[in-house]
Amino acid sequence: MHKAHFKGKLSTASAICFLTLSMGASLTAIAGTVTYADPTPADPLLYPACAINGTFSGHDGGISYEWTVILGKKDSASFVNHVGAKSYNEPPPAYEPPDTGWTHTSNWVALELTQHTKLRIEVERQEGVPFTNGASIATARNKLVPALSVYKGWDDTSCEEHRYNTAGNVDWSTIEFIGNQSNAKGKSVAVYSIELDAGKYSVAIGGSPAVLDTYPAGTCDVADPVCYRYTGRHGYRVEMKTGS
């Protein structure tokens, strides 16, 4: 189901960016334009309801992006947020390869490049990221194994489904797969670089810890290191840079 987004632009790096995020506003931009919002939020009054296998899913309006980023040449942007621990690589039987991404616990970036450029995306785990948990503010965990996928185009028309392909075209969407960094070695940082034409692109960010034979339940004791790493929300920081 599509999320409602609060719009606000970022202009400078800020020591209070974590608190800003927790309140639903925008975060830091070094030079590029960063907005904590979907570029075209789905409006139930404008978009018809859509269903998956006969079950109401939301409203047509495409991917519910968390971020909108615009970069030119020799430009950069940075922001922080949080994702689900396994959001990029959820286990069977609910998620079967290649559709291992959980659309709604991953974060999506609507990226626009104004010129042909070399793009470098770095995603690393971040400690101390706050988020709203019901009526209270909680702190995201800090053991994310970050991963990301890059696709051509934005999607503001499809019926958004719960699963997405992290390594190929998403069958329910109009976006086209370009490449990814699945972070198979389980590092705390994932880096992806590519040369791209001017245009619109979608970036999916999620967590991809090592595959287990048995996964801890969501109600497990977070004092257990496996439980802590494989459940809950985990913070990340993104750095996007363009070259000449």
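Summary of the structure given here. (Residues numbered from 1 in each chain as written. Predicted model: local features only at pLDDT ≥ 70, side-chain atom pairs only at ≥ 80, totals over all residues. Heavy atoms only, no water.)

1. Brief notes about unusual backbone geometry
Most peptide bonds adopt trans geometry, and most residues besides glycine take a negative phi value. Quick note on the threshold: Counting from the N terminus, the helices are the DSSP runs of H or I reaching at least four residues and the strands are the DSSP runs of E reaching at least two. Relative accessibility thresholds used throughout: buried, under 20% of the residue-type maximum; exposed, over 50%; partly exposed, between the two (1.4 Å probe, protein chains only).
Residue P93 is bonded to the preceding P92 through a cis peptide linkage, with omega at 0°. Residues other than glycine seldom take positive phi values, yet N183 does so here, at roughly 55°. Assignment of secondary structure puts N183 in the loop between β14 (176–181) and β15 (189–196). Overall, N183 belongs to the buried group, its relative accessible area being 5%.

2. Concerning the pattern of salt bridges
What counts here: Salt bridge, as applied in this entry: a Lys or Arg side-chain nitrogen positioned within 4 Å of an Asp or Glu carboxyl oxygen.
Evaluation of the coordinates by the stated rule reveals 1 salt bridge. In this structure, the salt-bridge partner of E122 is R120, at a minimum N-O distance of 3.1 Å. On the basis of relative accessible area, R120 is assigned to the partly exposed category, the value being 35%.

3. What about the nonpolar core?
Short version of the rule: Buried Ala, Val, Leu, Ile, Met, Phe, Trp, Tyr and Cys residues that are joined via side-chain atoms within 4.5 Å together make up what is termed a nonpolar core. Contacts between residues were defined by any pair of non-hydrogen atoms, one from each residue, lying within 4.5 Å.
With 26 residues, the main nonpolar core has V69, F79, L111, I121, V203, Y236 and M240 as its most contacted residues. Looking at this core, the elements with two or more residues in it are β5 (67–71), β6 (76–84), β8 (107–113), β9 (117–125), β12 (146–152), β15, β16 (199–207) and β17 (233–242). Discounting residues that sit within four places of it in the chain, V203 has contacts with N107, W108, V109, L111, I121, L148, S149, V150 and M240. Of all hydrophobic cores here, the second largest spans 13 residues; its members include Y151, V170, W172 and I175.

4. Some thoughts on the sheet that holds β15
Strands in a sheet are paired, the pairing made by backbone hydrogen bonds, and the direction either parallel or antiparallel. Operational definition: Any two strands with at least two DSSP bridges between them are considered paired. Only C-alpha atoms enter the line fits that serve as axes; for helices the fit covers just the stretch in contact. Angles between N-to-C directions range over 0 to 180 degrees.
The 4 strands are arranged β6-β17-β9-β15 in an open sheet whose pairing can be described as antiparallel. Across the chains shown, the open sheet's two edge strands, defined by having one partner strand only, are β6 and β15. Adjacent strand axes in the sheet meet at a mean angle of 20°, parallel and antiparallel pairs treated alike. Alignment of β6 against β17, held across 9 bridges, turns out to be antiparallel. From the neighbouring strand, S76 faces β17, where its bridge partner is K241.

5. Observations concerning the environment of T166
Its place among the elements puts T166 in the loop between β13 (163–164) and β14. Sequence spacing of T166 and Q181 is 15 residues, and the spatial spacing of their C-alpha atoms is 9.4 Å. The residues touching T166, leaving out its near neighbours within four places in the chain, are Y88, P98, T100, G101, S149, Y151, F177 and N180.

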